[in-house]
Amino acid sequence: MSKTSNQPSLISVVLPVYNGKDTIRLCVDSMLAQDFKDFELVIVDDGSKDNSLEILNKEYAKFSNIKIYSKSNGGESSARNYGVKQATSEYITFV
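What comes next concerns the included structure. Quick caveat, the model's predicted, so the values are computed rather than measured.

Rules and cut-offs
Residues numbered from 1 in each chain as written. Predicted model: local features only at pLDDT ≥ 70, side-chain atom pairs only at ≥ 80, totals over all residues. Heavy atoms only, no water. Helix = DSSP H or I, 4+ residues; strand = E, 2+ residues; numbered from the N terminus. Buried < 20%, exposed > 50% of the residue type's maximum accessible area, 1.4 Å probe, protein only. Arc of directions from axis to C-beta. Contact = heavy atoms within 4.5 Å. Core = buried A, V, L, I, M, F, W, Y, C linked by side-chain atoms within 4.5 Å. Axes fitted to C-alpha atoms, helices over the stretch in contact; angles between N-to-C directions. Left-handed = near helix turned anticlockwise from the far one by under 90°. Nonpolar A, V, L, I, M, F, W, Y, C, P; charged D, E, K, R; others polar.

### With respect to the overall build of the protein
Part 1 of the argument: In terms of regular secondary structure, the protein is built from three helices and four strands.
Part 2 of the argument: Going from the N terminus to the C terminus, the protein shows its helices and strands as β-α-β-α-β-α-β.
Part 3 of the argument: The C-alpha extent of the protein, read off along each of the three principal axes, is 40 × 25 × 20 Å.
Part 4 of the argument: A buried classification covers 35% of the 95 residues belonging to the protein.

### Quick word on unusual backbone geometry
Part 1 of the argument: The backbone phi angle of Asn 19 is positive, close to 50 degrees, even though this residue is not glycine.
Part 2 of the argument: By the element assignment, Asn 19 lies in the loop between β1 (11-17) and α1 (24-32).
Part 3 of the argument: For Asn 19, a relative accessible area of 34% corresponds to the partly exposed category.

### Digging into α1
Part 1 of the argument: Of the residues making up α1, those classed as buried are Ile 24, Val 28 and Met 31. Along α1, the residues classed as buried sweep out an arc of 55 degrees about the axis, all on the same side.
Part 2 of the argument: Residues of α1 that are buried sit in contact with β1, β2 (39-46), α2 (52-60) and β3 (66-71).

### Digging into the environment of Lys 62
Part 1 of the argument: Looking at where Lys 62 falls in the secondary structure, it is placed in the loop between α2 and β3.
Part 2 of the argument: Distance from Lys 62 to Asn 73, taken between C-alpha atoms, is 25 Å for residues 11 residues apart in sequence.

### Topic: the nonpolar core
Most often, soluble globular proteins have nonpolar side chains that are buried together.
Part 1 of the argument: Ranked by internal contacts, the top residues of the largest apolar core, which has 13 residues, are Leu 15, Ile 24, Val 28, Leu 41, Ile 43, Leu 56 and Ile 66.
Part 2 of the argument: Counting residues per element, the ones that place at least two in this core are β1, α1, β2 and α2.
Part 3 of the argument: Excluding residues within four positions of it along the chain, Val 28 makes contact with Leu 15, Leu 41, Ile 43, Leu 56, Tyr 60 and Ile 66.

### Some points on the packing of α1 against α2
Part 1 of the argument: At a minimum axis distance of 10 Å, the contact between α1 and α2 shows a crossing angle of 35 degrees. Read as a crossing pair, α1 and α2 show a hand that is right-handed. Of the residues in α2, those touching α1 at Ile 24, Arg 25, Val 28, Asp 29 and Leu 32 are Ile 55, Leu 56, Glu 59 and Tyr 60.
Part 2 of the argument: Of the residues belonging to the contact of α1 with α2, the class tally is six nonpolar, no polar and three charged.

In structure tokens, the structure reads:
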């Protein structure tokens, strides 16, 4: 079954980020390299004090299946819950 542009992805993958400047590229690039492509990646920067958000916006905002959000720091659970609220897919999982 091929997806039309207005159909949501099958899976939303929520990725909370806090001060991840040293590893965020490896994680996101790994997600993008997967054979399975019918997913949206919901990245939630949880008030990072490093330049994680800038890296995300500069390198990944151009991808149509990646959504990048920023919120004030509330911890990993708070970031995950925020990502779940933004997800549009039938299934949700976490990195």
